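Survey of secondary and tertiary structure
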Amino acid sequence: MRFKYYVALTVAAVVLLPVAVVHGVLRASLPQLDGRVRNAALSAPVRIERDRLGVTTIVAANRTDLAYATGFVHGQDRFFEMDLSRRLAAGELSELFGKVALGQDENARLFRFRSIARAVIQQTTAGQRAIVEAYAKGVNAGLTSLHSRPWEYWVLGSPPVAWLPEDTVLVEHAMWWDLQANGLRREMLRREINARLGGKECDAGWKCALRFFYPARTEWDAPDGAPTETAAAFPTASPTADMPGPDVLDVRGATRVPAAAALTSSAVDPAARIPAVGSNNWAVAGRLTTTGAALVASDMHLGQRVPAIWYHVRLRTTGTATEPALDLSGVTLPGAPPLVAGSNGQVAWGFTNSYGDWLNVELVPCTAVGENELRTASGAVPLSVEREEIRVHGAPAVMLEVKSGPAGVLLQSDPERQTCWFASWLAQLPAATNMNLLSLERATSVDEALALAPSVGIPHQNFVVGDRAGHIGWTIFGRIPTDIGAERASGHSPWTTVENHPRIVDPPTGRIWTANARVTADERQETAIGGDLAALGAEYDLGARAQQIRDDLLALRRPATPADMLRIQLDDRAVFLTRWKDLLLGLIDADSVRGQPRRAEFKKLLESWQGRASVDSVAYRLVRTYHERTQDAVWEMMARALKLPADGNVMLPMQFEAPLWRLVHEQPVHMLAADYRSWREFLLAQLDATIAQLVGSCGQLEHCTWGSRKPVHVQHPISHGIPFLSPLLDMPALALPGDHDMPRVQDGAFGASERFAVSPGHEDQGYFHMPGGQSGHPLSPYYRAGFLEWAQGQPLPFLPGPAEHTLTLQPD
């Protein structure tokens with residue numbers, strides 16, 4: 001018995017000792033929340049408070065000390081997240097993750113963002129540089145205050161690298177990458193299609209086949225600034241381009257593509273099939289609210305991860321004789337000191353991504369690519385070369401040659417196909433990125449906030465703002481070149497000014513809304529945003545989501561409250577897909593179900609349609625899957641006829657719903673592949689393929705609920721590599737309502753990265769949501785705090801609650 005006892009004790013020691021060591025290392029990297037920390041970089045004491053959810057309030061004497069303390073808490077709670085952001089932009093992920101990240105690094109290094117970031121820092125004002133440098137010192141102090149390096153670095157076997165001022169700019173460049181880099185592939189697609197349709201650009205007249213695939217107007221348009229409160233305030237339903245005739249595009253006569261090269265869904269790069277980045281925001285004028293102040297709502301849609309993208313804060317300064325007090329509430333982006341979205345007590349604001357003409361690609365018919373020149377049939381094109389060293393964890397460094405020509409950086413080259421793609425992008429210009437967003441913190445009115453817009457260097461955003469006096473406005477935050485041609489992104493054009501920068505102020509409806517679609521109906525403003533792509537829709541989002549938000553706002557018949565805003569943000573009504581449900585009910589007639597029991601079952605389930613993307617809805621999933629299947633099949637026919645390369649660059653045009661709907665209703669025979677005798681046969685074939693797909697996924701159609709399609713699983717980026725720790729690292733997987741093309745956007749772990757609504761001066765009445773906690777440490781009580789409230793739509797306070805922990809940063 002004693003022997004067994006000793007054996008058991010030994011086994012327990014062998015098992016538990018490593019667990020205890022790991023737990024001890026993890027706990028050592030938890031941040032200090034109470035007491036005092038001495039910091040030589042401060043001019044006066046700074047108080048850092050955390051409430052029951054870990055929401056942070058920082059009180060400092062001045063803006064520089066406030067930046068230092070913001071960096072300190074970011075370094076304590078989110079250093080690994082910040083590190084990934086700077087490395088994404090700089091092309092330095094391989095230094096942490098090894099060869100698996102090399103492809104991403106090579107793509108990012110083409111734009112040499114670290115060199116650009118250094119140039120941006122050099123052009124900052126003295127005041128801005130003091131803030132950014134103080135922030136960097138604070139980050140490093142927060143990091144070194146931990147008794148052990150953040151736990152992720154133990155897993156990866158690499159030490160953390162100190163934060164530099166230029167890294168804050170790289171975090172901004174990471175947002176450029178997330179929000180606009182996909183536009184490079186979209187622009188390549190547009191040019192490929194244009195070349196196949198005859199090669200003539202669409203800047204002369206409206207007769208252009210390309211406009212069929214890229215309509216400038218659709219029935220889903222819902223721009224702001226309309227003169228009345230009716231949906232008819234903007235023309236919608238009429239087609240804007242002729243359907244290409246068989247002399248231009250003969251789908252029926254297209255040569256069948258060999259199976260190995262077919263443009264099937266599986267051949268397309270999965271990343272290319274992810275819908276474009278999108279968000280919602282809107283404002284209601286004070287004359288329509290309960291407080292008399294404007295009411296601003298924001299929910300930015302991004303890929304959701306652990307920890308959450310944003311950091312919820314209240315930032316205050318007590319003020320000095322030369323610097324008035326500040327009181328900022330909202331979200332910061334770990335890695336940078338400004339308040340990104342929220343309220344300063346006088347104005348409140350939010351952002352959505354603005355699609356537009358922010359980059360250019362050019363196809364050069366090359367025959368060879370040499371060391372310092374590119375050869376074409378008409379002669380040589382000189383190339384400049386920069387060599388970039390990419391460090392790779394556990395492997396030798398890789399040297400990358402970045403070649404540039406007159407049309408920009410060389411993106412892709414395939415001399416055998418005589419295709420060399422060059423790109424120019426506003427993100428490559430040091431003047432397009434700056435720290436001027438800091439000026440928004442002291443704006444006291446809508447007019448003051450809008451006047452800042454032309455000089456603010458961030459990736460282009462729809463900026464919606466409301467003030468304490470009840471005024472509301474919209475503009476583009478982000479620098480806009482005045483050139484509207486192919487040289488627009490080259491840096492040779494002056495920027496817009498207050499006089500010619502797009503804006504809307506106090507529209508008659510008393511409401512402003514944006515959802516990545518067209519915002520303005522003013523042609524001059526559209527051209528400023530879309531450049532020479534304005535006549536082709538400028539790759540705006542479809543507009544169904546914006547239209548539904550507009551209708552929800554116009555339906556408010558009493559003074560608006562934050563609770564009304566939350567109801568709109570959680571609106572999961574399937575307005576967009578209702579017409580596809582009706583199409584299916586008409587398609588599945590008596591003839592189509594004869595001898596087809598599965599079709600009959602499909603129709604019976606379809607008749608239970610409740611018009612929502614709710615988790616228990618079978619009918620919604622059936623319609624959604626059919627729409628996606630039909631859309632992909634139609635696009636495959638078009639791509640085959642256009643002879644588009646199956647190289648991963650194929651993605652649907654943003655406005656493809658408009659030509660898709662015309663095709664399935666007008667049913668032109670020359671636009672149907674020879675595989676089908678009629679469009680009805682084609683549509684029924686997509687129905688059968690949809691049924692087979694769903695049965696393969698669910699076993700039985702009746703089990704195919706919308707919630708079971710893609711549960712929301714918000715994960716830590718490292719949990720994929722250590723799946724046994726997934727329960728500790730990831731948020732709980734949940735089935736949630738919502739989809740694209742409705743206000744409540746949710747598609748797996750893509751959706752609202754935050755939600756809030758607030759009136760400036762009435763922050764205590766606002767609410768806030770975030771899909772995860774403040775801390776990036778799984779042992780912290782704040783790691784998951786707020787996640788379930790976000791998932792369930794239960795409002796949490798916009799302002800932090802009473803302090804449960806107080807840490808004082810004390811100057812030496």
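These figures come from a predicted structure and were not determined experimentally.

1. Concerning the overall build of the chain
A tally of helices and strands in the chain yields 22 helices and 26 strands. Rg of the C-alpha trace for the chain: 27 Å, near the compact-globule value of 28 Å for 812 residues, within the 12% margin. Principal-axis analysis of the C-alpha atoms gives the chain an extent of 80 × 80 × 70 Å. Among the 812 residues that make up the chain, the fraction classed as buried is 60%.

2. Notes on the packing of aromatic side chains
Tallied over the entire structure, the rule returns 23 aromatic pairs. Aromatic side chains Phe-463 and Phe-477 sit 4.0 Å apart centroid to centroid with 15 degrees between the ring planes, which places their arrangement in the stacked category. Separated by 14 residues along the polypeptide, Phe-463 in strand β18 (residues 461-467) and Phe-477 in strand β19 (residues 472-477) bring together distant segments of the chain. Judged by its relative accessible area of 0%, Phe-463 falls in the buried class. Residues Trp-635 and Phe-656 carry aromatic rings whose centres are separated by 5.3 Å and whose planes lie at 80 degrees to one another, so their mutual orientation is edge-to-face. In this pair, Trp-635 sits in helix α18 (residues 618-642) while Phe-656 sits in the loop between α18 and α19 (657-666), placing the two residues 21 residues apart along the sequence. The two residues Trp-635 and Phe-656 agree in class, both being buried. Here a set of aromatic residues connected by ring pairs shows up, and it is made of Phe-111, Phe-113, Trp-176, Trp-177 and Trp-425. Of note, Arg-149 hangs over the ring of Trp-154, and the distance from its end group to the ring centre comes to 4.2 Å.

3. Observations concerning the sheet that holds strand β13 (residues 379-382)
Spatial ordering of the open sheet is given by β11-β12-β13, a layout of three strands whose pairing is antiparallel. Whereas interior strands pair on both sides, the edge strands pair on one side only; in this sheet they are β11 (366-369) and β13. For this sheet, the mean inter-axis angle between neighbouring strands, taken without regard to orientation, is 25 degrees. With four bridges joining them, strand β12 (residues 373-376) and β13 adopt antiparallel strand pairing. Among the inter-strand pairings, Glu-373 is bridged to a residue of β13, identified as Pro-382.

4. Some thoughts on the side chain of Gln-128
For Gln-128, the position within the fold is in helix α6 (residues 126-144). Setting aside residues up to four positions removed in sequence, Gln-128 forms contacts with Met-435, Asn-436 and Leu-438.

5. Let's talk about the nonpolar core
With 145 residues, the main nonpolar core has Phe-477 and Leu-809 as its most contacted residues. The element contributing the most residues to this core is helix α2 (residues 63-90), with 13 residues. The next biggest cluster of nonpolar side chains, apart from the first, holds 70 residues, and it includes Ala-209, Trp-580, Trp-661 and Leu-663.

6. Some points on the confidence of the model for the chain
For the chain, the average pLDDT comes to 91, and 91% of its residues sit at 70 or higher. Throughout residues 6-17 the model reports pLDDT below 50, and contacts reaching past four residues in sequence, or to other chains, amount to two contacts. Taken together, the stretch residues 226-239 has pLDDT below 50 and engages in 22 contacts with residues farther than four places along the chain or on a different chain.

Rules and cut-offs
Residues take numbers from 1 onward in each chain, read along the sequence in its written order. Confidence filtering applies because this is a predicted model: local features only for residues at pLDDT of at least 70, side-chain atom pairs given and counted only at 80 or more, and all residues used for totals across whole chains, interfaces and linings. Heavy atoms throughout the structure, all of them, feed into the side-chain values; hydrogens and water do not. Secondary structure counts use DSSP, requiring at least four H or I residues in a row for a helix and at least two E residues in a row for a strand, with both numbered from the N terminus. Computation of the radius of gyration draws on C-alpha atoms, with the globule rule given as 2.2 Å multiplied by the number of residues to the power 0.38. Each residue is assigned to one of three classes by its accessible area relative to the maximum for its type, calculated with a 1.4 Å probe on protein chains only: buried under 20%, partly exposed between the two thresholds, exposed over 50%. Classification of ring pairs uses Phe, Tyr and Trp, with its six-membered ring standing for Trp, and accepts pairs whose centres are within 6.5 Å; under 30 degrees between planes counts as stacked, over 60 as edge-to-face, and the remaining range as tilted. In this scheme, the term charge over a ring applies when either NZ of a lysine or CZ of an arginine sits within 6 Å of the ring centre and within 35 degrees of the ring normal. Pairing between strands is defined by DSSP: at least two bridges between the two strands are required. The angle between two axes is taken between their N-to-C directions and runs from 0 to 180 degrees, where each axis is a line fitted to C-alpha atoms and a helix contributes only its stretch in contact. Any two residues whose heavy atoms approach within 4.5 Å are treated as being in contact. What is meant by a nonpolar core is a set of buried Ala, Val, Leu, Ile, Met, Phe, Trp, Tyr and Cys residues, joined one to another through side-chain atoms within 4.5 Å. For every residue, the predictor reports its confidence as pLDDT, a number between 0 and 100.

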